[in-house]
Amino acid sequence: MKKTIIAAALAASGTLAVTGISAQERPQIPGTTDVSRVEAGTYALDPAHTLVGWRVSHFGFNDYLGVFGDIEGTMTLDPANIEASEFDIAIPITSVAVPSAELRDHLLRPGQDGAEPDFFGPDPDAARFVSTSVRQTSDTTAVVTGQLTMNGETGPVTMLVEFSGAGQNPMNQKSTVGFHARATIDRTQWGIDYAAPIVGAEVDLDISAAFERQ
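This section reports on the structure supplied with the text.

Rules behind the numbers
- Residues numbered from 1 in each chain as written.
- Predicted model: local features only at pLDDT ≥ 70, side-chain atom pairs only at ≥ 80, totals over all residues.
- Heavy atoms only, no water.
- Phe/Tyr/Trp six-rings, centres within 6.5 Å; stacked < 30°, edge-to-face > 60°.
- Buried < 20%, exposed > 50% of the residue type's maximum accessible area, 1.4 Å probe, protein only.
- Helix = DSSP H or I, 4+ residues; strand = E, 2+ residues; numbered from the N terminus.
- Contact = heavy atoms within 4.5 Å.

One pass over the structure, following the stated rule, counts five aromatic pairs. Both rings, one in F59 and one in F61, keep their centres 6.4 Å apart while their planes meet at 80°; by these two values the pair is edge-to-face. Judged by its relative accessible area of 69%, F61 falls in the exposed class. Look at F87 and F211: their rings are 6.0 Å apart centre to centre, the planes differ by 65°, and that puts the pair in the edge-to-face class. Taken together, the residues span a long stretch of sequence, with F87 in strand β5 (residues 86-91) and F211 in strand β10 (residues 199-213) at a distance of 124 residues. By the burial criterion, F87 is buried, and F211 matches it. Clustering of aromatic rings is evident, with ring pairs tying together F87, F163, F179 and F211.

Time to look at the environment of F59. Position of F59 relative to the elements: it lies in the loop between β2 (51-58) and β3 (62-68). Sequence separation between F59 and I198 is 139 residues; the distance between their C-alpha atoms is 5.0 Å. When neighbours within four sequence positions are excluded, F59 is seen to be in contact with I198 and V199.

In the segment running from A196 into P197, the intervening peptide bond is cis, with an omega of 5°. In this fold, P197 is placed in the loop between β9 (175-186) and β10. Here N151, not a glycine, exhibits a phi torsion of approximately 55°, which is positive. Inspection of the secondary structure puts N151 in the loop between β7 (141-150) and β8 (153-168).

Structure below.
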């Protein structure tokens, strides 16, 4: 009986030791939602880790989903004066990615017989968002308003922005700040009115952005 108890105790102590070592060796996540880690300065987007997702209704049955990447831009940020922040973002339309090759071809193909394209055409300019105001709503959220230029048209867009993390990127040692943002736009205001409203005019945007301090 004593041998059984001793064996069980040794096994338990070994398990605890392994667990303790594993906990000590587990790497720490570099970014945390700690606003005190945000540094003032000029930031540039990390284009490899910044995405603009979009969603639009398809005939009222379900949704089309897609994403833009290779996004570039700058941000000036002072954590002591969030409302003075400024953003200037360029989104290459030709980076659009969707699961269907046929749909991507439709988004970027020229119009037929000299007509305007249904969507963007084969050589569209990058969309550009330039902020005009930032209104802080909490320690980690803000409403960002600006002008979006796309498809030759310019109009206002308002985004709900949430701070998602700050810290040092372990790959390049740069101070990095991350945000998630959401917005809804009416694509017809930018002249993209093909099949609207059967294919939804409203487009939901879901943005995940990482900015690196320069």
